[in-house]
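# Per-entry structural report
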Amino acid sequence: GVGRGYRGGERGGSNSFTHEALTLKYKLDNQFELVFVVGFQKILTLTYVDKLIDDVHKEFRDKYRNEFQQKGTLGLLNGTFDFKDDFLRLLREAEESSKVRAPTVMKTFEQSVKSQKTVKCMIETRGEKPKEKVKTKKNKGSKKEGAETVTASSKAAPGEKQPSSAGDREELTKDEILQKNREEFFKRHMKAGEKSSKSPKPDAQKEKGKKPRVWDLGNSNAKVLDYSDSTTNGNSEACPVEEFDPDVALGDRNREPGRLYDLEYESDEEAEEEKVIQNTSKPSTKKGGLGGMFGMLKGLVGSKSLTREDMDPVLEKMKDHLIAKNVAAEIAVQLCESVAKKLEGKVMGTFTTVTSTVKQALQEALVQILQPQRRVDVLRDVMDAQRHRRPYVVTFCGVNGVGKSTNLAKISFWLIENGFSVLIAACDTFRAGAVEQLRTHTRRLNALHPPESHGGRTMVQLYEKGYGKDAAGIAMEAISYARNQGFDVVLVDTAGRMQDNAPLMTALAKLIAVNAPDLVLFVGEALVGNEAVDQLVKFNKALADHSMAQTPRLIDGIVLTKFDTIDDKVGAAISMTYITSKPIVFVGTGQTYCDLRSLNAKAVVAALMKA
């Protein structure tokens, strides 16, 4: 069962399969439907096998290419073809090349450096002789065995329809069909260099090359810039226009523009969840006889008030479960504590277990946390600001690399789809490339929403003053510019800063105190665990300490990013809302402009409670 046993290591193009004392390595050539198989004794780890099989493959293909194209593979293989001499030559070359690389015969003890040292060398000499023997044997063996088996199978195997070669040829063909797609992929990689004149696929690929996308807006005649020697400073002409496919940036085409969708979570699992909760009491009846019945009755605690002792084991379990789901540890503890307080002394229903009661209470508590008192309705607030003839200002803050700029771009896109014009203020004057990143987003957004389709007004503009300046000042200028130009929304992007970097936190507090934005959004990633608490507490503390007003400006809402990377470990959402008691306004779920969702509390809780 050579083929049957094969499910071996597939790395790159050459696959190998070991059967008792033999190792087979094979290589597929999809273009001419050939299989090259080398067989050799498993004991011999032949270094040159891969080289040999590649060389045979190349030679064989090149030698008979024309016959393949005329008669087809089978036509050639059923006739006679003379490949033996070529093969022997290749085998010899491969062996020679491996010999060149292989270490030469070991030095005798007298020649070695060790001989001038200590008695210890005795051990070394003992180990030397067998190695020499193995060396010679290896060469003999491989010449005999290797040579025979390879010739045999290289004649038979290419046919791939002739069952004469090793064992079950058919099995391999099945495997081969299974792998067709995979091999296609390998083929493309392997044959990049050696394309036949008649295979159309690779040629088509060759032509593709990168064509710069010409944007409708602005300098279409800008000369293509070669960055290797150009020394322009970052003015807008020097920004190379990158290739950009609107479909990729938009992601989902058939969604309703301007609508913020809820996070989805499989509802059928929620239903299963309920079933599971109801079923928890049943399995205990199967213990057999009366004992089982009593056990069940004990579990069902009829109309008895709950005590702390009853709940502790269940709560302990729930706490661990929450922490495993990425809820910050101290918050998990506080949550379980509050559930216990709420349930203590409560009389339970007749047919409910302690577990299900606690679960139910915890679920309600979680939903309540995720739906804070004040909902942040950005669109309504923007309209309100419009009526007062002033721009609506949103400031983004957060630690480094959580996706402030990316989600700022998504939010701009959403606002533009709702018909509001956006001014982006580049107040990250520190990180390299921050301004360019926003410039790229602005250009893309303008290409997706050109002024023509919005009654001639530019929907998104970037306000930037380069690097190294005072961020608060730039934000102030941007806001007054927006007021004069009649922009509806100003989105202020700030530099990422760690929560314990005092000077930077002071600077952020200053920016917020001076410009009094309508909305301060904290951007946090869904990947954080216990760190979420620390970040939010310290950000809020910094804002409170350096605020000039009586009622300090704190964080108003949260943007939860990278939600697509965490599966059901959605604990960060709980941690953040619990600490700030502020809502999660947006959830980032990917890298296109449409990957912005609003939080669906039920979906998050379902994911949290999922075992």
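Residues numbered from 1 in each chain as written. Predicted model: local features only at pLDDT ≥ 70, side-chain atom pairs only at ≥ 80, totals over all residues. Heavy atoms only, no water.

### Points about the overall build of the protein
The criterion, for reference: Every helix listed is a DSSP run of H or I at least four residues long, and every strand listed is a run of E at least two residues long, numbered separately from the N terminus. Residues are treated as being in contact if the distance between any of their heavy atoms lies within 4.5 Å. Here the open area of atoms and residues is found with the Shrake-Rupley method and a 1.4 Å probe, where only the protein chains shown may cover a residue.
For the protein, the helix and strand inventory stands at 20 helices and 13 strands. The contacts of the protein with a sequence gap of at least 6 include a subset with a gap of at least 24, amounting to 75%. Total accessible area on the protein stands at roughly 32,900 Å², and carbon and sulfur atoms take up 54% of it.

### A look at the sheet that holds strand S10 (residues 519-525)
What counts, and what does not: One requirement defines pairing of two strands: DSSP has to find at least two bridges between them. Structural elements are reduced to axes, namely lines fitted to C-alpha atoms, with helices fitted over the stretch in contact, and the angle between N-to-C directions of any two is expressed from 0 to 180 degrees.
With mixed pairing, the nine strands of this open sheet are ordered in space as S5-S13-S12-S11-S10-S6-S9-S7-S8. Looking at the sheet topology across the chains shown, the edges are occupied by strand S5 (261-262) and strand S8 (460-463). Sheet analysis places strand S7 (residues 422-427) next to strand S9 (residues 489-494), joined by six bridges and oriented parallel. Bridge pairing in S9 links Ala426 to Asp493. Here helix H14 (residues 404-417) sits on the sheet and contacts strand S6 (392-397), S7, S8, S9, S10, strand S11 (557-561), strand S12 (584-588) and strand S13 (596-598); the angle it forms with S9, its principal contact strand, is near 170 degrees. Packing of helix H19 (residues 571-580) onto the sheet brings it into contact with S10, S11 and S12, and relative to S11 it is tilted by some 165 degrees.

### Some words on the UniProt feature "domain: SRP54-type proteins GTP-binding" (unreviewed entry) in the protein
Put simply, the rule reads: UniProt positions are given in the numbering used here, feature names are shortened, and annotations may be inferred rather than shown by experiment.
In this numbering, the UniProt entry assigns the feature "domain: SRP54-type proteins GTP-binding" (unreviewed entry) to residues 583-596. Helix makes up 0% of residues 583-596 and strand makes up 43%, while its end C-alpha atoms are separated by 15 Å.

### Focus on the side chain of Arg597
Applied cut-off: Between buried and exposed lies partly exposed: a residue is buried under 20% and exposed over 50% of the maximum accessible area for its type, with that area taken using a 1.4 Å probe on protein chains only.
Mapped onto the fold, Arg597 is located in strand S13. Of the residues examined, Arg597 reaches a relative accessible area of 16% and is grouped as buried. In this structure, Arg597 is in contact with Leu260, Tyr261, Asp262, Leu263, Glu264, Val585, Phe586, Val587 and Thr589, ignoring residues within four places of it in sequence.

### Here we look at helix H10 (residues 308-324)
Residues spaced three or four apart along an α-helix point in a common direction, a consequence of the helix completing one turn every 3.6 residues. Under the convention used in this document: A helix is expected to span 1.5 Å for every residue after the first. Fitting axes to the seven residues ending at a residue and to the seven starting there, one defines the bend at that residue as the angle between these axes.
Taking 1.5 Å of rise per residue, 17 residues should cover 24 Å, and H10 covers 24 Å from first to last C-alpha, within 8% of that figure. Val314 marks where H10 bends most, by close to 25 degrees. Restricting attention to buried positions, one finds in H10 the residues Met311, Val314, Leu315, Met318, Lys319, His321 and Leu322. Contact partners of the buried residues in H10: helix H11 (329-343), helix H12 (354-370) and helix H20 (601-609). One or two positions beyond H10, positive phi appears at Asn326, with a value near 80 degrees.

### Here we look at the packing of H10 against H12
Here is the rule we go by: Convention used here: angles under 35 degrees read as roughly parallel, angles over 145 as roughly antiparallel, angles from 65 to 115 as roughly perpendicular, and any remaining angle as oblique. Crossing handedness is defined as follows: a turn of the near helix away from the far one that is anticlockwise and smaller than a right angle gives a left-handed crossing, while the clockwise case is right-handed. Put simply, Ala, Val, Leu, Ile, Met, Phe, Trp, Tyr, Cys and Pro go in the nonpolar bin, Asp, Glu, Lys and Arg in the charged bin, and everything else, Gly too, in the polar bin.
The interhelical angle for the contact between H10 and H12, taken along N-to-C directions, is 50 degrees, at an axis separation of 10 Å. Judged by the inter-axis angle, H10 sits oblique to H12. In the packing of H10 onto H12, the handedness of the crossing is right-handed. In this structure, H10 contributes Asp310, Met311, Val314, Leu315, Met318 and Leu322 to the contact, and H12 contributes Val354, Thr355, Val358, Lys359 and Leu362. The residue inventory of the contact of H10 with H12, partitioned by class, reads eight nonpolar, one polar and two charged.

### A few points about the environment of Glu264
Within the secondary structure, Glu264 sits in the loop between S5 and helix H8 (267-279). Distance from Glu264 to Asn600, taken between C-alpha atoms, is 7.6 Å for residues 336 residues apart in sequence.

### Focus: unusual backbone geometry
Residue Asn326 is not a glycine yet carries a positive backbone phi of 80 degrees. By secondary structure assignment, the location of Asn326 is in the loop between H10 and H11. The class of Asn326 is buried, set by a relative accessible area of 17%. A positive phi angle, close to 55 degrees, is found at Arg389, a residue other than glycine. Structurally, Arg389 can be placed in the loop between helix H13 (378-387) and S6.

### Some thoughts on the packing of aromatic side chains
In plain terms, the rule: Pairs were defined over the aromatic rings of Phe, Tyr and Trp, the Trp ring being its six-membered one, requiring ring centres within 6.5 Å. Orientation was assigned from the angle between planes: stacked under 30 degrees, edge-to-face over 60, tilted for the rest.
Evaluated as defined, the whole model comprises nine aromatic pairs. Aromatic side chains Phe413 and Tyr593 sit 5.6 Å apart centroid to centroid with 20 degrees between the ring planes, which places their arrangement in the stacked category. Taken together, the positions of Phe413 in helix H14 and Tyr593 in the loop between S12 and S13 put the pair 180 residues apart, joining distant regions of the chain. Aromatic ring contacts, followed pair by pair, group Phe36, Phe60, Tyr64 and Phe83 into a single cluster.

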